[in-house]
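What follows is each chain in one-letter form.
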Amino acid sequence: MYRFLLTPRWWGINLFVVLAIPFCVFMGTWQLGRFEDRVQTHEAAEKQPAPGTRAAKPIDELLPVDTVTSGRPATATGRYADQFLVPGRKLDDRTGFYVVGMLRTDSGKALPVVRGWLPGKAGHTSVPPAPAGDVTVTGDLQASESAGTAGVDATGGLPHGQVGMISAASLVNLVPYDVYDAWVTLQQSDVRTGGGASATGTSGTSGTEETAGDEETAGKGGKGTATAAALRPVPATAAQGTGLDLKAFQNLGYLCEWFVFAAFVLFMWFRLVRREAEAARDVRLGLVADPDTAASDTAPSDQEATPDRVVGTVS
């Protein structure tokens, strides 16, 4: 009854089913593993102490940035050099821009430091100048941004002194020195009271945010001479690929899809086998004509019968 399964046509169907089901199960298991990894990293992040309670370490000791070191307080000492603005960044549902200072360290490499956030349009808002002289900054460590990072503008075409993402790959083309493949965001404003910024000492120790007086905006990223607004600290974000975000639940959705595909392939195989078996049974019982026999019966014979002709002669 099931001898049709050994025909060439069914060998192809059986091979497809044998390969498709394990593949779907493998992909579903892989998506489950991705979701479990995100859950584990989320739980590990919740067990980590708050950023403000952890002791700061030198930047070189925390590199490269991973899910463990991301958000850790890092320190670096150097002098501020170039300054850039990162437009299109939101804070508390308000649109503004980041102010990024390039801190040249003793090693010659520069660490991008997000000094803070300002409301308004980049290039049209006065920016407080960076502290002069040697400074030691303390900020939360973050990995370089990519095109998939929230808020990143990867389209290009920005004015001089502005960048779409905080990334070593993009900044190294704009400055004549090496750049750390990471950045820090200051925990507190580096602007001092009294119309200026600190010249030496530790940046990020001030407990209040004050305006920078009437000083002109310094660096490549600022224009104008109006009184600069107060920089607001930018909170650190969780490392990409961690936490129970939308992507984590997308993994669950893909998991269900792959197992549904596997069940659908198996269901269709059983349905085709059953239909083929029922058709063979009907032919065997004579309920329907055998397609092969019917085709042979309707085929014309090789020699067609011709009526006899009587040929007479006239005497």
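For the structure itself, consult the block above.
Just so it is clear, the structure is predicted and the values come from calculations on it, not from any experiment.

The rules we used
Residues numbered from 1 in each chain as written. Predicted model: local features only at pLDDT ≥ 70, side-chain atom pairs only at ≥ 80, totals over all residues. Heavy atoms only, no water. Core = buried A, V, L, I, M, F, W, Y, C linked by side-chain atoms within 4.5 Å. Buried < 20%, exposed > 50% of the residue type's maximum accessible area, 1.4 Å probe, protein only. Helix = DSSP H or I, 4+ residues; strand = E, 2+ residues; numbered from the N terminus. Contact = heavy atoms within 4.5 Å. Patch = residues over 30% accessible without salt bridge, like charges linked within 9 Å, V, L, I, M, F, W, Y side chains within 5 Å. Areas by Shrake-Rupley, 256 points an atom, 1.4 Å probe, with all protein chains shown as cover. Salt bridge = Lys/Arg side-chain N within 4 Å of Asp/Glu carboxyl O.

Asker: Just to check I follow, could you spell out the nonpolar core for this structure?
Answerer: Proteins that are soluble and globular tend to have nonpolar side chains buried together. In this structure, Tyr 98, Met 102, Val 114 and Ile 166 are the most contacted members of the largest nonpolar core, which totals 18 residues. The set of elements that each furnish at least two residues to this core consists of strand S2 (73-91), strand S3 (94-105), strand S4 (110-119) and helix H3 (168-171). Aside from chain neighbours lying at most four places away, what touches Tyr 98 is Phe 84, Leu 85, Val 86, Arg 89, Val 114, Gly 116, Trp 117, Ile 166 and Val 234. Listed in part, the 16 residues of the second largest apolar core include Val 65, Leu 103, Val 135 and Leu 186.

Asker: Would you take a moment to explain a nonpolar patch on the surface for this structure?
Answerer: A contiguous nonpolar surface patch, about 310 Å² in accessible area, is contributed by Leu 15, Val 18 and Leu 19. With respect to the element layout, Leu 19 can be found in helix H1 (residues 8-47). Owing to a relative accessible area of 56%, Leu 19 belongs among the exposed residues under this scheme.

Asker: How do you make sense of unusual backbone geometry when you look at a structure like this?
Answerer: Most peptide bonds adopt trans geometry, and most residues besides glycine take a negative phi value. With an omega dihedral of -5 degrees, the bond running from Leu 63 to Pro 64 counts as a cis peptide bond. Looking at where Pro 64 falls in the secondary structure, it is placed in the loop between helix H2 (59-62) and S2. Phi at Asp 92 takes a positive value of approximately 55 degrees, unusual for a residue other than glycine. Relative to the assigned elements, Asp 92 resides in the loop between S2 and S3. Owing to a relative accessible area of 54%, Asp 92 belongs among the exposed residues under this scheme. Look at Asp 93: it is not a glycine, yet its phi comes out positive at around 65 degrees.

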